[in-house]
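# Structural characterization, general
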Amino acid sequence: MASSDKPAQPIPTSESQTAGTPMTAGQHMLDKGAQMMQSLKPVNQMKQHVCTFALYSHDMTRQIETHHYITRINQDFLQCAVYDSDDSNAHLIGIEYIVSDRIFEALSPEEQKMWHSHAYEIKSGMWVSPRVPEMIQKPELDNIAKSYGKFWCTWQVDRGDRLPVGAPALMMSPQGDSMGMVRAELVQKRDDKYNISSDALKQSRLEIEEPEWLNPNADYWKQSLGKGFALDVETTEMKLRAPFP
């Protein structure tokens, strides 16, 4: 049985116990001292926090709230550390890479099938930057609406995993089609937390331009008669030398 096929359990909160013993006072002191002396440059490049939703490619009934902490490498490429909440004890559950449509079109068709579009996610009000006014967000929203993302979930907390076990799972973005629609109760819970209205955001984003053309290889489940992607790990012969491109 593939790791991804393990039955889902109720979603734990970040307060749920993670496997392991509590941190000691000595460990806290060591971490504080290291923080004072080290630059942590890659982490300090994270400039944005986005809250949105994601669906498992192999089972789109499994839907989770996600918190992306974003580093912009350049105008065409972003990298995101994805957490299950914005609390100080949140779980790091995966990574997402986001590229412009220009970069996406240069990928091979097989590679493109693992990516998802963001146009609906932006226009519908699913993608929000908590506590940042819409007017300030708008230039970024215009760019993200035309982008594509590849999101690997490495810790399936929604099925009760206390550790990141098994193979990574490919995630898809919210869409307007029935299978891709996020459950209303999930959206309402998020909206209540941040005192926002996704419906109001949807109305305010009517003027955001959608891409002239969405590559059909993205959001591949729409064209594949309900088929998604699932990963599993298998034993293979080790190669002494890795092939080079």
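Residues numbered from 1 in each chain as written. Predicted model: local features only at pLDDT ≥ 70, side-chain atom pairs only at ≥ 80, totals over all residues. Heavy atoms only, no water.

## Some details on the overall build of the protein chain
In plain terms, the rule: Segments assigned H or I by DSSP are reported as helices when at least four residues long, segments assigned E as strands when at least two residues long, and all are numbered from the N terminus. In this description the radius of gyration comes from C-alpha coordinates, and the expected globular size is given by 2.2 Å times residues to the power 0.38. Three labels apply to residues, based on accessible area from a 1.4 Å probe with only protein chains included: buried if under 20% of the type maximum, exposed if over 50%, partly exposed otherwise in between. A contact between two residues is defined here by any heavy atoms of the two lying within 4.5 Å. Computed by Shrake-Rupley with a 1.4 Å probe, the accessible areas treat only the displayed protein chains as cover when residues are assessed. Only four residue types enter the charge count, namely Lys and Arg as positive and Asp and Glu as negative; His and the chain termini do not. Each charge is placed at NZ for Lys, CZ for Arg, CG for Asp and CD for Glu.
Within the protein chain, the secondary structure is distributed over eight helices and seven strands. At 19 Å, the protein chain has a C-alpha radius of gyration in line with the 18 Å of a compact globule built from 245 residues. Each principal axis of the C-alpha distribution contributes one length, and for the protein chain these read about 55 × 50 × 40 Å. Here the protein chain holds 245 residues, and the buried ones make up 41% of them. In the protein chain, the share of contacts with a sequence separation of at least 24, taken over all contacts with a separation of at least 6, comes to 68%. When the accessible surface of the protein chain is totalled, it reaches about 14700 Å², and 58% of it is carbon and sulfur. Side chains of the protein chain carry 25 positive and 33 negative charges; the gap between the two charge centres is 4 Å.

## Details of empty space enclosed by the protein
The following threshold applies: Cavity: a set of points on a 1 Å grid over the protein atoms alone where a 1.4 Å probe fits but cannot get out. Pocket: an open set with protein on both sides within 12 Å along at least five of seven lines, its lining residues, like those of a cavity, having an atom within 4 Å of a point. Grid points are joined across faces, edges and corners, and a volume is the space filled by probe spheres set on the points.
Applying the stated criterion across every chain yields a total of one cavity of 30 Å³ or more. Size it by volume and the largest cavity reaches roughly 50 Å³. Taken together, T52, F53, A54, H68, E96, H116, H118, E121, W127, F151, M172 and S173 make up the lining of the largest cavity. Among the elements that take part in the lining of the largest cavity, strand β1 (residues 48–56) stands out by supplying three residues, more than any other.

## Things to note about helix α6 (residues 134–144)
Basically, it comes down to this: For this quantity, the arc is that covered by the directions from the helix axis to the C-beta atoms.
Of the residues making up α6, those classed as buried are Q137, E140, L141 and I144. Buried residues of α6 fall within an arc of 110° about the axis and therefore sit on the same side. Contacts from the buried residues of α6 go to β1, β2 (59–74), β3 (77–83), β4 (92–99) and α5 (119–123).

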